[in-house]
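Below, each chain spelled out in residue letters.
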Amino acid sequence: PPLAFLEVRDGRPVYEGLAQHSLAVACLAKQLFEERVKVLAGLDLPSPTQLLAVSACLHDLGKASRYYQGEKRVESVLRNGGSLTFALHHVATAVLLNLAEAVDTPRAAPSSSLRGLLRLAGHVALRHHQAMRVSASIEELDENKKRVLVGALRGLNPDWVKEVLDGCGRAGYLPEDVVLRVATAAERLAKAGDAEITALAESIARYTPPEKELRLVASVAGAVIVADYAVSLVARGGYSGLVEAWE
């Protein structure tokens, strides 16, 4: 761990590291869509190309949790077959990124300098597994799913999160300020109580992005979905013309 996926086929494990997957999605998204999203630039919005890079790097960050891939769960899949499951990891990612924009860190620039970058990246993460829906209200989740979300967020492993952040940061896809904020938010959530986590999720559910943000979020989410699917397909032994053309 951290893994982007793990499944056992014919007695053999097939897997991809989360840091590797995140960086590959960012690289492919940049290659395919960077020029296309530039037309969405607006004075009061984050840079579309920066939002694309940050969203692609962090879209699966909620998977970096012991709740999903603790030692016992991984061993169970390897022993009994099947695959790891990551229910609500996209919601966990959104909560983490929204908190990251608001946290105070000694070396980070004021949150106003982000202009909503991490908040919108959180909405992109929500959409990449929700058929382009804007958000998922915690009120729509039953008690079991609420426990899953709380478990996933409290189970965040700061070292695993940092592995993803450092990999994308070294490649130039994540500003240092974003790395600092997300790492700090992960440490805070790992110590948070049920009430704090539920309140953070509710604050996301109550927020509806204005129309100018929705267009940007929907476009970037579409780009991340395409890149994520192509990279995942190849990692599972399939074929993608998009990845072949990029390589």
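Preceding this paragraph is the structure being described.
This is a predicted model, so every value here is computed, not measured.

*Asks:* I'd like to hear about the environment of valine 37, residue by residue, with values.
*Replies:* As for its placement among the helices and strands, valine 37 is situated in helix H1 (residues 18–37). For valine 37, a relative accessible area of 4% corresponds to the buried category. Counting along the chain gives 186 residues from valine 37 to alanine 223, while the straight-line C-alpha distance between them is 8.9 Å. Sequence-distant contacts of valine 37, that is, excluding residues within four places in its chain, are made with Pro48, Thr49 and Leu52.

*Asks:* Could you give me a rundown of the packing of H1 against helix H11 (residues 211–235), with the residues and numbers involved?
*Replies:* Put simply, H1 and H11 touch, their axes get as near as 9 Å, and they point 125 degrees apart. As the angle between them shows, H1 and H11 are arranged oblique. Considering the relative orientation of H1 and H11, their crossing is right-handed. Of the residues in H11, those in contact with His21, Ala24, Val25, Leu28, Ala29 and Phe33 of H1 are Ala223, Val224, Val226, Ala227, Asp228, Ala230, Val231 and Ser232. Each residue belonging to the contact of H1 with H11 can be placed in one class, and the counts come to 11 nonpolar, two polar and one charged.

*Asks:* I'd like to hear about the layout of surface pockets, residue by residue, with values.
*Replies:* Taken as a whole, the largest pocket encloses approximately 220 Å³ of empty space. Elements with a contribution of two residues or more to the lining of the largest pocket: strand S1 (3–9), helix H5 (89–102) and H11. By residue class, the composition of the lining of the largest pocket is six nonpolar, five polar and five charged.

*Asks:* Go over the nonpolar core, please, and point to the residues and values.
*Replies:* Within the largest apolar cluster, 80 residues are counted, with the highest numbers of intra-cluster contacts made by Leu58, Leu118, Leu174, Val182 and Leu189. Sequence-distant contacts of leucine 118, that is, excluding residues within four places in its chain, are made with Val54, Leu58, Leu97, Ala100, Glu101, Val178, Arg181 and Val182.

*Asks:* Before we move on, could you go through H5 and cite the residues and values that matter?
*Replies:* The terminal C-alpha atoms of H5, which comprises 14 residues, lie 20 Å apart, in line with the 20 Å expected from a rise of 1.5 Å per residue. By the criterion of burial, H5 is predominantly enclosed, with 13 of the 14 residues buried.

*Asks:* I'd like a rundown of the pairing of strand S2 (residues 12–17), residues and numbers included.
*Replies:* Pairing between S1 and S2: six bridges, direction antiparallel. Bridge assignment links leucine 3 to a residue of S2, and that residue is glycine 17.

*Asks:* Account for the packing of aromatic side chains, with residues named and values stated.
*Replies:* The final tally for this structure, using the stated rule, is two aromatic pairs. Geometrically, the ring pair formed by tyrosine 67 and tyrosine 68 is edge-to-face, given 5.6 Å between the ring centres and 80 degrees between the ring planes. Here tyrosine 67 falls in the partly exposed class, since its relative accessible area comes to 26%. A centroid spacing of 5.5 Å and a plane angle of 55 degrees characterise the contact between tyrosine 68 and phenylalanine 86, whose relative ring orientation is tilted. Taken together, the positions of tyrosine 68 in helix H3 (residues 66–69) and phenylalanine 86 in the loop between strand S3 (82–83) and H5 put the pair 18 residues apart, joining distant regions of the chain. Pair check on accessibility: tyrosine 68 and phenylalanine 86 agree, each one buried. Ring pairs connect the aromatic residues Tyr67, Tyr68 and Phe86, which therefore count as one cluster. The cationic tip of lysine 63 hangs over the ring face of phenylalanine 86; the distance from NZ or CZ to the ring centre is 4.7 Å. For the cation-ring pair, arginine 236 lies above phenylalanine 5, with the distance from its terminal atom to the ring centre recorded as 3.8 Å.

*Asks:* Explain the pattern of salt bridges to me, using residue names and the numbers behind them.
*Replies:* Per the stated rule, a full pass over the model turns up 11 salt bridges. Two residues, arginine 9 and glutamate 7, come together in a salt bridge whose shortest N-O distance is 2.7 Å. By relative accessible area, glutamate 7 is classed as buried at 16%. Through salt bridges that share partners, Glu7, Arg9 and Arg236 make up one connected network.

Reading the values: the criteria
Residues numbered from 1 in each chain as written. Predicted model: local features only at pLDDT ≥ 70, side-chain atom pairs only at ≥ 80, totals over all residues. Heavy atoms only, no water. Helix = DSSP H or I, 4+ residues; strand = E, 2+ residues; numbered from the N terminus. Buried < 20%, exposed > 50% of the residue type's maximum accessible area, 1.4 Å probe, protein only. Contact = heavy atoms within 4.5 Å. Axes fitted to C-alpha atoms, helices over the stretch in contact; angles between N-to-C directions. Parallel < 35°, antiparallel > 145°, perpendicular 65-115°, else oblique. Left-handed = near helix turned anticlockwise from the far one by under 90°. Nonpolar A, V, L, I, M, F, W, Y, C, P; charged D, E, K, R; others polar. 1 Å grid on protein atoms, 1.4 Å probe; cavity = no way out; pocket = protein on both sides within 12 Å on 5 of 7 lines; lining within 4 Å. Points joined across faces, edges and corners; volume = space filled by probe spheres on them. Core = buried A, V, L, I, M, F, W, Y, C linked by side-chain atoms within 4.5 Å. Expected span 1.5 Å × (residues − 1). Pairing = 2+ DSSP bridges. Phe/Tyr/Trp six-rings, centres within 6.5 Å; stacked < 30°, edge-to-face > 60°. Lys NZ or Arg CZ within 6 Å of the ring centre and 35° of its normal. Salt bridge = Lys/Arg side-chain N within 4 Å of Asp/Glu carboxyl O.

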